[in-house]
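Letter by letter, the chains look like this.
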Amino acid sequence: MYKYDSYDHAMVADRIAEFRDQVTRRLDGRLTEDQFKPLRLMNGVYLQLHAYMLRVAIPYGTLNSTQMRTLAGIARDYDRGYGHFTTRQNIQYNWPALVDIPDILDRLAAVEMHAIQTSGNCIRNVTADPFAGAAADELEDGRPWAEIVRQWSSFHPEFTFLPRKFKIAVNGASADRAGIRVHDIGLQIVQNDAGTTGFEVWVGGGQGRTPRLGQLIKPFLAPEDLLSYLTACLRVYNQHGRRDNLYKARIKILVEALGAEEYGHQVEDEWAAIRDGELKLPAEEIARIRAFFGKPKTAATAPVPVTENRAFARWIDRNRRDHAVNGLSSVVISLKPIGGTPGDITDAQMDAVADLAERHGFDEIRATPDQNLILPHVRNDKLEAVWSGLVEAGLATANAGLATDIVACPGLDYCNLANARSIPIAQAISSLLDETGLSEKAGDVTIKIDGCINACGHHHVAHIGVLGVDKRGEEFYQITLGGAFGTDAAIGSIIGKGLAGEDVPAAIARTLETYLDIRADGERFIDTLRRVGPDAFKEAIYADA
Amino acid sequence: MLTLDRKDDTRPIIDAQLAAGGGQIVELAGDADWRQAKAEIAGAVRVDIRFPKFSDGRGFTLATQLRQRVGYAGKLRAVGDLIPDQAQHLIRVGFDDVDPDRKGLDADWARARTRFTHAYQPGRGNVTPLFRHRHRRPEDDLAALNARYRDMSPPDILRDAIKNEWIGKIAIMSSFGAEAAVGLHMIAQIDPATPVIFLDTGRLFAQTEQYQRQLTDQLGLTNLRLLKPDAEAVAEVDGDERLWRRNPDACCALRKVRPLDEIIGDYDALITGRKRFHGGGRMALPVVERINGRVRINPLANWDATAIEDYFQRFDLPRHPLTDMGYASIGCWTCTAPVQADGDIRSGRWLGQTKTECGIHTPAQVAAE
Amino acid sequence: MKAVTANRLTDGRVIYRTATGQWTTELAEAARLDDDQADATLEIASDESQIAVGAYLIELEEDRPGGQKWRRESIRLSGPTTGSTHAQATA
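Below or above, wherever it landed, is the structure these notes cover. (Residues numbered from 1 in each chain as written. Chains lettered and ligands numbered in written order. Predicted model: local features only at pLDDT ≥ 70, side-chain atom pairs only at ≥ 80, totals over all residues. Heavy atoms only, no water.)

Let's shift gears to the sheet that holds strand 1 (residues 45-47) of chain A. All names here are of chain A. Across the sheet, five strands lie side by side as 1-2-5-4-13; this open sheet has antiparallel pairing. Each of the sheet's edge strands pairs with one partner strand only, and the pair in question is strand 1 and strand 13 (344-346). Strand-to-strand twist in this sheet, taken as the mean axis angle between neighbours without regard to direction, amounts to 30°. Across three bridges, strand 4 (residues 82-85) lies against strand 13 in antiparallel orientation. In the strand pairing of strand 13, His84 is matched with Asp344. Running at roughly 130° to strand 1, helix 2 (residues 33-41) makes contact with strand 1 and strand 2 (52-56) of the sheet. (Pairing = 2+ DSSP bridges. Helix = DSSP H or I, 4+ residues; strand = E, 2+ residues; numbered from the N terminus. Axes fitted to C-alpha atoms, helices over the stretch in contact; angles between N-to-C directions. Contact = heavy atoms within 4.5 Å.)

Quick look at the pattern of salt bridges now. For the structure on display, the rule yields 81 salt bridges over all chains. Note that Arg288(A) is salt-bridged to Glu285(A), the shortest N-O span being 2.9 Å. Taken together, the positions of Arg288(A) and Glu285(A), both in helix 9 (residues 283-290) and three residues apart, correspond to about one turn of that helix. In this structure, Arg288(A) and Glu285(A) share a single accessibility class: buried. Note that Arg76(C) is salt-bridged to Glu73(C), the shortest N-O span being 2.9 Å. Here the residue Arg76(C) and the residue Glu73(C) both occupy positions in helix 2 (residues 70-78), the gap between them amounting to three residues, near one helical turn. The two residues Arg76(C) and Glu73(C) agree in class, both being buried. (Salt bridge = Lys/Arg side-chain N within 4 Å of Asp/Glu carboxyl O. Buried < 20%, exposed > 50% of the residue type's maximum accessible area, 1.4 Å probe, protein only.)

We now examine the interface of chain A and chain C. Taken residue by residue, the interface counts 42 residues in chain A and 25 residues in chain C. Carbon and sulfur atoms make up 52% of the area that chain A and chain C hide from each other, which totals about 2700 Å². Taken together, chain A and chain C are joined by one salt bridge. Here Arg71(C) and Glu475(A) are joined by a salt bridge, their closest N and O atoms 3.5 Å apart. For the pair chain A and chain C, the number of links is 19 residue pairs in polar contact (both at pLDDT 80 or more). The set of elements that each furnish at least two residues to the side of chain A that touches chain C consists of helix 1 (6-27), strand 13, helix 11 (347-360), helix 13 (423-435) and strand 19 (474-481) of chain A. (Buried area = accessible area lost by both parts, 1.4 Å probe. Polar contact = N/O pair within 3.5 Å; in protein donor to acceptor, adjacent residues only side chain to side chain.)

Structure, rendered in structure tokens:
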């Protein structure tokens, strides 16, 4: 993975000094809250219901054991002993004190981590395929490009005060695991007829109040033109994105208002003026960064173990993924224990993952857009050792991709913006689906839950989405069906009026039962839904009413 | 009103114009369309861009476009609701100064101006993006430096060199000769503690020695490095004190080149007083060059005799006593004669020989014995 | 009845304004205000942003959060309803 040089270290150190100064000036009144808020947001510091929340960046979801141990230490020393992995591959702490945050940032900087631009109206953490560098279907590892974009977007003099937040994703495999079409800009690595690799550029995707899928504005962008083209895209947005209405300020609104074609023209026009200028990426820099990313080499080519231990077998069946290198596997570490809080992990568990990664995982860990972790590189003859370690740490739930692998935003239990709670609903759904055995039987299903329309839990792109709303002080939950993240991306449709919280788990159980009744051979839930449409499921959901 | 740039304003003409009440100032709203603004600002000596709210970042793009697409080269000022933490953003998109609504935060602005030493992106104000800076070769440096200094006045070049580019690692070499006072005076205004290297060859005119003390004192220079040749070496190769006659190159090497070499490692860059109009090998002198791997800055490269004379008069600088006697370039008494009738300014040096340079400014040859 | 609440600047903790103009983490110690008092007190409180960030009014029913935002204010008062992540981890 990327290693900072002295310049990167200096940048992070300068940033921490800047933030420390900003905190001081806020405390003594030289900065008003109004002025301080965007500055602290750009250092990942939210003010939530009970406390500040610090969102630490995990660039393209990649970290090593040293970094994970530091995250554990921060949870222990500055928080309540746990952290929360998010749908954008970051980690959040829910209880730090503002006055401690500069010190926390120092600790992070010592292991090449930061909280830069994880919030605010600026360019955010770049999402990448969590299996990058390991997946067999990969054309090219997208992470060097994510790193290049990370640097280019950090402290950008022109684009630090955008109309709204800006999220970029890079995907390097034929399957989209980064969510290209639900980001403001999605970069899909492709190969042209001449055999050179470049990017498809998709613009205007996003969720929230007005979910949209991104549109293709450039079928092939040469790699050395990446920064100049992105600059042109951002420049048009910075000028013309709306600033009069918070809910209409994302680029998806601009792209829709202008039309993708017109937006693309404006970008090309700006790009023509700058493409051969100082933003052309030197080949040496591309090569320098690429050199940090590679596949592990191993002489050990043991096959995937066959075992009589049923729990281990089930875990291999559900949580193991094929690897590009013979003899290796990737494994999903589910952070969705039955009845637990999706994405949460204790400091002891973080240490356990660090140990396993270091000993058996080529010292690499990934955070996924569904709030799980991955050990991307594990020798097949180490799978049992890894699994045993996970069992001991309470991290061996064999439900990766199943209905109990629920994604949930923090919701009203933590978040200022929420209208309803999401975690208790997730817990109840998880318990019921596990109890009834439905989760095992139904196979691949995505369930994502949001406590408000901002949709940080990505309910729009779930097979079964759940959106909490507040009705005169009571929590109701709308169900959406048919969303999909990644390949074949789709926005789910609302199927009817909201259900009371206590009715939701049973409604979802009935939905899965319906699927099991009507599915054809080999059909996943989403396949059946696409084939027959939502009506049968809608009936099942409201069967109780 | 706060100046943003580390360098002083390099457009004195514009300031003078504004001070005299002439020259147009145009104010643009931050969301102005740059294509329309192009016509509005034609002929303006200053353009103000108003930020209605510090979080409205359109003014940054507008500034970028005015500089890059329109080619506006006049003064650009940011006005309105701005916070000190935006200082470097403003500099890097091309603003010269800022007039924020909230006053009294000068110290915060000053600190913010130099917060980040490097940048990941291209920008104005002396910035090479790291994706390029990491891979620079020495040739790129020189080209970039010469480009940067091309349109700058000698005092501004010196200020950038001393306070920014080679801060703490730069010195001036001075002969305390006929023109030396010019460069030394400029440096004294910037930082009188700048090291001044003076080669006391043991063969200097008495008038030079006296002038050196007088000028150092008058200009308030506090860091004179007086270098003398190694006494043992002198005894060994110039025992008869006639080396200058036998082998002038060896004598220069003994008394100038080698003493300089001893301490040159203390510096990444050396300032000289060399000028193109001196003729000979100096006629194509660049402002920035590299000799034996070390940067030499010749800020007065493009100044001629008139410019030198003007400067002497403007600041009423004392002259080297020998200039009245027809000496225009003054080195050691052994090898210096007055300017010859048909010769260039250095024609009195090593008169009758082909030698034109002592060697401290030229790439190393094999050390003379 | 109403009370003024905010978050403490230094550590973000939930605080309530007392009758003597202090800020406390205990709802029991918060000043109970009628509508007129509430607006006036909020205005004063909003000037105390070096201690308290984002002051606003909450409704009280008897001594507990009431009104439409009752659940949100209960959570602010008593913490998340999700159970302990540590407990879940070792389940």
